[in-house]
Amino acid sequence: MASASSSTSSGVLDGFKLIRILDQDPKHKSANLLGEFTCTAQDGSTSVDQAVLILEKTHFSEQFYSRLEAPTRASTSGGERTTKAPKLDADAAVLDGAERDAVFAAVSDLGQNDVYTWLLAWLQHSASDPGDADVKMTLIRPATQTHIDKYSAQRRVMVYETPEMYARKVQPWIASFPPSRIQWVYNILEHKKEADSILFEDPDPETGFIIVPDLKWDQKTTSSLYIQAIVHNRQLTSLRDLTKDHIGMLQNIKDQASKVAFEKFSLAGVQEGKPDGNVRCFLHYHPSYYHLHVHILAASFTSHPGAVVGQAHLLDDVMDLLRLGVDMKQRTLGYSLGTNSKLWSVLYPDGDSST
Ligand code: G7M
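What counts and how
Along each chain, numbering runs from 1 in the same order as the chain's sequence is written. In keeping with the predicted nature of the model, local features appear solely for residues at pLDDT of at least 70, side-chain atom pairs appear and are counted solely at 80 or more, and the whole-chain, interface and lining totals rest on all residues. Calculation of side-chain values draws on the structure's entire complement of heavy atoms; hydrogens and water are dropped beforehand. DSSP calls a pair of strands paired once it identifies at least 2 bridges connecting them. Secondary structure elements follow DSSP: runs of H or I of four or more residues count as helices, runs of E of two or more count as strands, with numbering from the N terminus. Orientation is described by axes fitted as lines to C-alpha atoms, over the contacting stretch for helices, and by angles from 0 to 180 degrees between their N-to-C directions. Any residue with an atom within 4 Å of a point lines the site, the site being either a cavity, points on a 1 Å grid over the protein atoms alone where a 1.4 Å probe fits but cannot get out, or a pocket, an open set with protein on both sides within 12 Å along at least 5 of 7 lines. Grid points are joined across faces, edges and corners, and a volume is the space filled by probe spheres set on the points. Lys, Arg, Asp and Glu make up the charged group, whereas Ala, Val, Leu, Ile, Met, Phe, Trp, Tyr, Cys and Pro make up the nonpolar group; the residues left over, Gly among them, are polar. We call a residue near a molecule or strand when any one of its heavy atoms sits within 4 Å of it. Whenever a nitrogen or oxygen atom comes within 3.5 Å of another N or O atom, the pair is scored as a polar contact, on the condition that within protein one atom can donate a hydrogen and the other can accept it, and that pairs from neighbouring residues in sequence are kept only if both atoms are in side chains. Note that accessible areas follow from Shrake-Rupley with a 1.4 Å probe, and for residues the cover is restricted to the protein chains shown.

Draft legend 1. Region of interest: the sheet that holds strand β2 (residues 30-40). Read from one edge to the other, the open sheet built from four strands follows the order β1-β2-β3-β6, with strand pairing classed as antiparallel. The open sheet has two edge strands with one neighbour each: β1 (17-25) and β6 (135-140). Across the sheet, the mean angle separating the axes of adjacent strands is 25° when strand polarity is ignored. In the sheet, strand β3 (residues 46-57) pairs with β6 via six bridges, with the strands oriented antiparallel. Among the inter-strand pairings, L55 is bridged to a residue of β6, identified as M137.

Here it is as structure tokens:
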């Protein structure tokens, strides 16, 4: 798997200028920013690239927890901030403070009442080992208006897409997309990009698929494992295209995903030492790109905003419906839709869901 570069000068963000905050979520510690880069050509002319920068504070890593197994201390260079050491298990490993960096650069007391104390802390980063990254970023450059709309705060409403709405409006809209829209998917399927990240591949053009880490995952925190399976069959756009004939492929995706999570990331399932039940697999309807793919999350990762009812369809339920003979094109599917989205204007060109 590709290892993240710890360089402080990747250069990718050089020249990024914030234009405005498109959206932010304090609970998930994330923000979507609109920015721009000014590019200077060789002849001296300048042009501006719009970009969307998605920021998300990272979760605590195994490495962070293991550092807490030794008595906690803050750097002595923490200025006026005071340091509190948590109570430690008597059996906890004790490392000589000189042998390792402090966990926190500084800790500041905010308040105390009875057994409760609340604090702010600054993580320690040493120059020789920057440790865990604080922020996970995704840069989309150049960003189209569709990208900007997608990542902007917007009004959302529940839409109930009937078979007629699908056949008359949605399906022709999906069919109108140029293949270049999902170039990044073809790059993965053709091993042109992310090839060293491939976790599993079944190369069969009809029933095969590739499993890669989702770009949202930091590729190391197993409690928030997020990988995805992308099918080789380019005719399958969404769960609406699935039939009984695809049950074998879907079951194989589930089995292989579970095996990957177990063997490569040590995620155990119902029984210790066994994979069954270690991952939650689902499909989005609507997805953000129309080439069939399955989201695979650690079973413990229950807080992901993309795993919400109305958008996430449990892979097992989809397989069950197919086994029962349900025609996916004949279902009415409910989902929450942003009024900035293209699909909204396709379904409601007059901007009104009553039409
Ligand atoms: O909502 P939808 O089902 O379409 O989800 C698409 C998923 O693809 C999201 O979870 C994205 O994070 C993921 N994704 C999007 N892009 C552009 C890439 C990419 O270039 N590489 C990888 N590995 N995942 C991506």
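More follows now that the structure is in view.
Draft legend 2. Quick peek at empty space enclosed by the protein. Under the defined criterion, the tally for this structure stands at one cavity of 30 Å³ or more. The volume enclosed by the largest cavity comes to roughly 50 Å³. Around the largest cavity, the lining residues are T237, S238, L239, L283, H284, P287, Y289, H291, L292 and H293. Residue composition of the lining of the largest cavity, by class: five nonpolar, five polar and no charged.

Draft legend 3. Representation of the site of the ligand in the model. Among the 14 residues in the neighbourhood of the ligand, the closest are listed as D214, K216, S288, H293 and H295. Within the contact set of the ligand, a nitrogen atom lies 2.9 Å away from a backbone nitrogen or oxygen of P213. A distance of 3.0 Å is found between an oxygen atom of the ligand and a side-chain nitrogen or oxygen belonging to Q228. Its free accessible area being 540 Å², the ligand has 84% of it covered by the protein chains. Contributions of two or more residues to the shell around the ligand are made by β10 (226-231) and β12 (293-298). Among the residues forming the shell around the ligand, the class breakdown is six nonpolar, five polar and three charged.

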